[in-house]
Amino acid sequence: MNKISCAIVGGTGYTAGELFRILLNHPNAEVVAVQSTSSAGVPVSSVHRDLIGETELCFCDELPSTDVLFLCLGHGLSADFLEKHPITPKTKVIDLGNDFRLDPHFHSALNNSARTFVYGLPERFRDQIVKADNVANPGCFATAIQLALLPLAQSRLLREEVHIHAITGSTGAGRGLSETAHFSYRSNNISIYKPFTHQHLDEIHRSLSRDGKDPLPPLNFIPVRGDFTRGIFATLYTRCPLSEKEAKALYTGYYQHHPFTRLSEFTLSLKEVVNTNKCLLHIHKHNEYLLVTVILDNLLKGASGQAVQNMNLMFGLDEKAGLYLKSVAF
Ligand SMILES: NC(=O)c1ccc[n+]([C@@H]2O[C@H](COP(=O)([O-])OP(=O)(O)OC[C@H]3O[C@@H](n4cnc5c(N)ncnc54)[C@H](OP(=O)(O)O)[C@@H]3O)[C@@H](O)[C@H]2O)c1
C-alpha cells in the first residue's frame, strides 16, 4: 500500500513541528511538504532543530496535491487559507485551529469549493470521523474537559454545576512571544486568565449538550498558566448521585474501546502523559462530590497527536498507528 501523502501548513509553529515529528515515524504516512509563510526555502531542521539528521525537507511556499492537508494556523486563519488556496476536493483536511469547530461549513464562491467538517473527538464522534473528509480538531482544554465529563454527560448524569480548575504549559499559547509567555513572567510564577469565559467553553457546550438538545449545568472554568512547557492538569468536581465504585465502572465502560483514554487507579501526575497521546483520568468521591482529575499533553492528545489519530481513522488505519510514543515519566 502506498503511504498517505501529507502536507502541513503553518510549518514553523509548535503544533506543525510536533505533527512533523510524529509523521516522520508513522508507518503509513509520509510528509511531502511543509508550507511556511515566514520561512519558505529554508531547511525544516533549521527551525525545528532537534530534527537535524532526520529530514532534508525545506519549507515550501506552494503546496503539491496530497492525500491529506493539516492546517496548523492561528485562529481564524484556516478559512482564509482555504479561500486563497484552492485545494483539490479529493484532499482530506484536518484543521487544528478553531475555524470549523462551531460552524462546520466552509464555502468559497471565489474558488467554488465547499467542505463540511466533523468535530474530531474520537471518544465522542468516531463513527462520523471514519467517514469524514474534513475534521475540525478540538482545542486542548476542550479535549481534557470533555474527556473528563463525557461519560456523565452521555448518561444524563451531568446535572449540577461543575467547578473546573485547569493548568496548562506555556506551549499551549504557541511560539509567538507575549508578555505572559515571556520567561521572566512565566518562570517561578502562576496566574489565571479568562476566568469563566475561555473560548473553548463554546465547543465543550456544543458537544456535551448534543448541539443544545440536553441542557447543561454551569461549567465554571478557571484556566491557569503554569510554570512548565507542556501538558494540562485539570481537576473537575460536581455533585453526583453515583458512588465512587459506580462512577469508576461508568468511566471504564465508556472508554473501554478507546485506546488512548484510560481510568487510572492512582492519583495522577503530569509526566505520566507528557510526550504521549494518552489522556488519563482519576476518580475520587468525597461526600456528595465527584472529583475527576484529567491529564494530557496539550501538543499531542490536545493537538497534533489527536490530529494523527483522526487521520488514522479517516484512512481506515489502526487508530494507534504512529502514536506508540514514550512518556518522559520522571
Ligand atoms: N499549542 C497548542 O497546544 C495547541 C493545542 C490545540 C490547538 N492549537 C491550535 O493550533 C493552531 C496552531 O497552534 P500553534 O501552537 O502551532 O501556533 P504557533 O506556534 O503560533 O504557530 C502558528 C503558525 O502559523 C503560521 N502563520 C501563518 N500566518 C500567520 C499569521 N498571520 N500570524 C501568526 N501565525 C501565522 C506561522 O507559521 P509560518 O510562518 O511557518 O507560516 C506560525 O508559526 C492554533 O489555532 C492553536 O489554537 C494549539
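Rules used in this analysis
- Residues numbered from 1 in each chain as written.
- Predicted model: local features only at pLDDT ≥ 70, side-chain atom pairs only at ≥ 80, totals over all residues.
- Heavy atoms only, no water.
- Helix = DSSP H or I, 4+ residues; strand = E, 2+ residues; numbered from the N terminus.
- Rg over C-alpha atoms; globule rule 2.2 N^0.38 Å.
- Contact = heavy atoms within 4.5 Å.
- Pairing = 2+ DSSP bridges.
- Near = heavy atom within 4 Å.
- Polar contact = N/O pair within 3.5 Å; in protein donor to acceptor, adjacent residues only side chain to side chain.
- Areas by Shrake-Rupley, 256 points an atom, 1.4 Å probe, with all protein chains shown as cover.
- Nonpolar A, V, L, I, M, F, W, Y, C, P; charged D, E, K, R; others polar.
- Axes fitted to C-alpha atoms, helices over the stretch in contact; angles between N-to-C directions.
- Domains from an automatic or database assignment.
- Buried area = accessible area lost by both parts, 1.4 Å probe.
- Salt bridge = Lys/Arg side-chain N within 4 Å of Asp/Glu carboxyl O.
- Buried < 20%, exposed > 50% of the residue type's maximum accessible area, 1.4 Å probe, protein only.

K.L.:
If you had to explain the overall build of the protein chain to someone new, which residues and values would you point to?
P.N.:
Helices and strands together make up the secondary structure of the protein chain, namely eight helices and 15 strands. Taking 330 residues into account, the globule formula puts the C-alpha radius of gyration at 20 Å, and the protein chain, at 20 Å, falls close to it. Dimensions of the protein chain along its principal axes, counting C-alpha atoms only, are 60 × 45 × 35 Å. Of all intrachain contacts in the protein chain linking residues separated by at least 6 positions in sequence, the fraction that spans at least 24 positions is 72%.

K.L.:
Which residues make up the sheet that holds strand S8 (residues 134-136), and what values go with them?
P.N.:
In any sheet, the strands associate via hydrogen bonds between backbone groups, in a parallel or an antiparallel arrangement. Judged by pairing direction, the sheet is parallel, and its six strands sit side by side in the order S2-S1-S3-S4-S8-S7 without closing on themselves. Lying at the two open borders of the sheet, with one neighbouring strand each, are strand S2 (29-35) and strand S7 (118-119). In this structure, strand S1 (residues 4-9) lies alongside strand S3 (residues 68-71), joined through four bridges in parallel fashion. Pairing of Ile8 across the sheet is with Phe70, part of S3.

K.L.:
Tell me about the site of the ligand, and name the residues and values.
P.N.:
By nearness alone, 25 residues border the ligand, and Thr12, Thr15, Ser36, Ser38 and Leu73 come closest of all. Gly11 is positioned such that a nitrogen or oxygen atom in its backbone is 3.5 Å from an oxygen atom of the ligand. Residue Ser36 places a side-chain N or O atom 2.6 Å away from an oxygen atom belonging to the ligand. Here the ligand, which alone exposes 880 Å², has 77% of that area covered by the protein. At the level of secondary structure, the elements contributing two or more residues to the shell around the ligand comprise helix H1 (14-24) and helix H8 (300-314). Counted by class, the shell around the ligand contains eight nonpolar, 16 polar and one charged residues.

K.L.:
I'd like a description of the sheet that holds strand S9 (residues 162-168), backed by residues and values.
P.N.:
The sheet built from seven strands is open, its strands ordered S10-S11-S9-S12-S15-S14-S13 with mixed pairing. Either end of the sheet is taken by a strand with one partner, and the two such strands are strand S10 (191-192) and strand S13 (261-263). In the sheet, strand S12 (residues 232-239) pairs with strand S15 (residues 289-296) via eight bridges, with the strands oriented antiparallel. In the sheet register, Leu236 faces S15, and the bridge partner there is Val292. Against the sheet, helix H7 (residues 244-254) touches S13, strand S14 (279-286) and S15, its axis set at about 160° to S14.

K.L.:
I'd like to hear about the domain arrangement of the protein chain, residue by residue, with values.
P.N.:
For the protein chain, the domain assignment lists domain 1 (4-137 + 303-314) and domain 2 (140-296). Using C-alpha coordinates to define each centre, domain 1 is positioned 25 Å away from domain 2. Buried area between domain 1 and domain 2, summed over both chains or domains, comes out near 1,800 Å², and the portion from carbon and sulfur atoms is 49%. Contact with domain 2 buries area across many residues of domain 1, yet Tyr14, Glu123 and Arg124 alone supply 35% of it, more than any other trio. Inspection of the region where domain 1 meets domain 2 yields two salt bridges. We note a salt bridge from Glu203 to Arg101, for which the minimum N-O separation is 2.9 Å. If you look at where domain 1 meets domain 2, you find 14 residue pairs in polar contact (both at pLDDT 80 or more). Sorting the residues of the side of domain 1 that touches domain 2 by element identifies H1, helix H3 (122-129) and H8 as the ones contributing at least two each. Element by element, the count of residues in the side of domain 1 that touches domain 2 is highest for H3, at five residues.

K.L.:
Tell me about the pairing of S12, and name the residues and values.
P.N.:
Walk down a regular strand and you will see the side chains alternate between the two sheet faces. Along S12, the buried face is formed by Ile232, Ala234, Leu236 and Thr238; none of Phe233, Thr235, Tyr237 and Arg239, which line the opposite face, is buried. Sheet topology note: the S9/S12 ladder contains six bridges and is antiparallel. Counterpart to His165 in the pairing with S12 is Thr235.

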